Amino acid sequence: MKITVTGAAGYIGSHACLRLLDDGHEVHGLDNYSRSFERTVQALRRAGAGRFHFTHVELNDHVATTAALQSHPPEIVMHFAAFAVVPESVKFPLLYWRNNVGATVSLLQAMDEVDAKKLIFSSTCATYGEPAPEHIPIGEECPQRPTHAYGESKLACEHMMKAWVQSHALSDRERGVVFLRYFNVAGGDHLDRIGEDHDPETHLVPICLRAATGRHPKLIVHGNEYPTPDGTCIRDYVHVEDLVAAHIEAIKVIPRRDTLAMNVGTGVGASVLEVLRACSTAAGKQVPFAFGPRRDGDPPRLVSNPEKIFRLTNWRPARSSLESIAHSAWRWFDKQH
Ligand SMILES: NC(=O)c1ccc[n+]([C@@H]2O[C@H](COP(=O)([O-])OP(=O)(O)OC[C@H]3O[C@@H](n4cnc5c(N)ncnc54)[C@H](O)[C@@H]3O)[C@@H](O)[C@H]2O)c1
């Protein structure tokens, strides 16, 4: 298949490109390198055996985005490109509205120009905000009440895509979108060709590995008096390769004139201290840490109810144990340093 991947140089987008290339697809990556590096695209070119094409493009530039899609008309678009750092979105909300929502408007218009019908969208459990205890584990019917501009911008994209699909359906034209609402993504490629590569880094697993090797000050664990077994927050970690596998399964269930939302999480939570221990074991070095105050708006336990994706697809997490996540992240990290 011919698949366009936005955010192709980013963490999850690059792992998606790699899997699609490994499966024999023709992949066209788009990115502006605002949050990523050309070295990742070079790794994709090496893996792509001539089937990887890349366009350096700002998605907010509608003319350039349309030209990019016209150069390789896609059968499916996977839209990963976004800014995704929660505290930054609290500080600079307009940046998030412009980049995440504006770029998505531009992309949908460009898809119309080339009559591209199918889209898989990277949404997030952040669209649920801070769910009431009766909604945990979180199913797709949980009310979506985001608490920051990042979550709001992603929810706005879902709403926009719903309206886009419906407007086309009214004219008997086909558009279908799957919203995959990810939980916490971590880990790296099983062949260590790419990994999580952000600067600055804000995600727990790579920060643990940096702290273990002295490349980051000791980790501050925010709060140790939550109502959880060890007092630290519990999140649902999914291996990036499992997440990408969910996209492969999602291709098979893209509706023809509708949208479909599915959570992508394992249903099993891990605490900050459990992640920290798994990273210490993988690195063979202790992750230094200290307890700090709670952060505003950090719920004690955010875990997916994966029943819907299990029911509608053959997706099952295969690599999302903490051990597998920490080891794959460590192998790639170790290779870089
Ligand atoms: N990482 C997670 O745990 C997680 C969890 C839930 C949802 N998500 C979603 O998954 C997607 C990918 O996340 P990630 O962790 O790979 O982020 P990332 O920052 O590593 O990748 C995003 C990529 O998009 C590119 N980009 C951003 N704005 C662009 C624009 N206007 N034009 C062109 N390129 C642009 C960036 O340069 C970057 O390469 C995001 O949409 C994010 O909201 C991620």
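Since we're looking at a predicted model, the values are computed, not measured.

(A) A look at the pattern of salt bridges. This model, assessed by the stated rule, comprises 17 salt bridges. Across the salt bridge formed by Arg-257 and Asp-172, the nearest N and O atoms sit 3.6 Å from each other. Separated by 85 residues along the polypeptide, Arg-257 in the loop between α8 (240-251) and β11 (259-264) and Asp-172 in the loop between α6 (149-170) and β6 (176-182) bring together distant segments of the chain. One salt bridge in this structure joins Glu-249 and Lys-252, with 2.9 Å as the shortest N-O distance. According to the relative accessible area criterion, Glu-249 is buried, its value standing at 14%. Three or more residues joined by partner-sharing salt bridges are found here, namely Asp-112, Asp-115, Lys-117 and Arg-175.

(B) Layout of the domain arrangement of the chain. Here the chain is partitioned into domain 1 (2-186 + 237-264) and domain 2 (204-235 + 268-336). One C-alpha centre belongs to domain 1, the other to domain 2, and the line joining them spans 24 Å. Taken residue by residue, the interface counts 24 residues in domain 1 and 28 residues in domain 2. Contact with domain 2 buries area across many residues of domain 1, yet Tyr-237, His-239 and Asp-242 alone supply 31% of it, more than any other trio. For the pair domain 1 and domain 2, the interface holds 1 salt bridge. Here Arg-319 makes a salt bridge to Glu-241, at a shortest N to O gap of 2.3 Å. Counting across the domain 1 and domain 2 interface gives 11 residue pairs in polar contact (both at pLDDT 80 or more). At the level of secondary structure, the elements contributing two or more residues to the side of domain 1 that touches domain 2 comprise β7 (184-186), β10 (237-239), α8 and β11.

(C) Fine view of the sheet that holds strand β14 (residues 301-302). Here 3 strands make up an open sheet; going across it, the order is β12-β9-β14 and the pairing mixed. In the strand order of this sheet, the two ends are held by β12 (270-271) and β14, each with one partner.

(D) Looking closely at helix α11 (residues 322-336). Between the first and last C-alpha of α11 there are 21 Å, a value that for 15 residues agrees with the 21 Å anticipated at 1.5 Å per step. Within α11, burial applies to Ile-325, Ala-326, Ser-328, Ala-329, Trp-330, Trp-332 and Phe-333. Tucked inside the fold, the buried residues of α11 contact β7, α7 (204-212), β10 and α9 (272-283).

(E) Just the sheet that holds strand β2 (residues 26-31), in detail. With respect to topology, 7 strands assemble into an open sheet ordered β3-β2-β1-β4-β5-β6-β11, the strand pairing being parallel. Across the chains shown, the open sheet's two edge strands, defined by having one partner strand only, are β3 (52-56) and β11. Between one strand axis and the next, the sheet turns through 20° on average, direction left out of account. One ladder, built from 6 bridges, connects β6 with β11; its direction is parallel. Note on β11: the bridge partner recorded for Val-178 is Leu-260. Where α6 meets the sheet, its contacts fall on β4 (76-79), β5 (118-124), β6 and β11, and the angle it forms with β5 comes to roughly 155°.

About the criteria used
Residues numbered from 1 in each chain as written. Predicted model: local features only at pLDDT ≥ 70, side-chain atom pairs only at ≥ 80, totals over all residues. Heavy atoms only, no water. Salt bridge = Lys/Arg side-chain N within 4 Å of Asp/Glu carboxyl O. Helix = DSSP H or I, 4+ residues; strand = E, 2+ residues; numbered from the N terminus. Buried < 20%, exposed > 50% of the residue type's maximum accessible area, 1.4 Å probe, protein only. Domains from an automatic or database assignment. Contact = heavy atoms within 4.5 Å. Buried area = accessible area lost by both parts, 1.4 Å probe. Polar contact = N/O pair within 3.5 Å; in protein donor to acceptor, adjacent residues only side chain to side chain. Pairing = 2+ DSSP bridges. Expected span 1.5 Å × (residues − 1). Axes fitted to C-alpha atoms, helices over the stretch in contact; angles between N-to-C directions.

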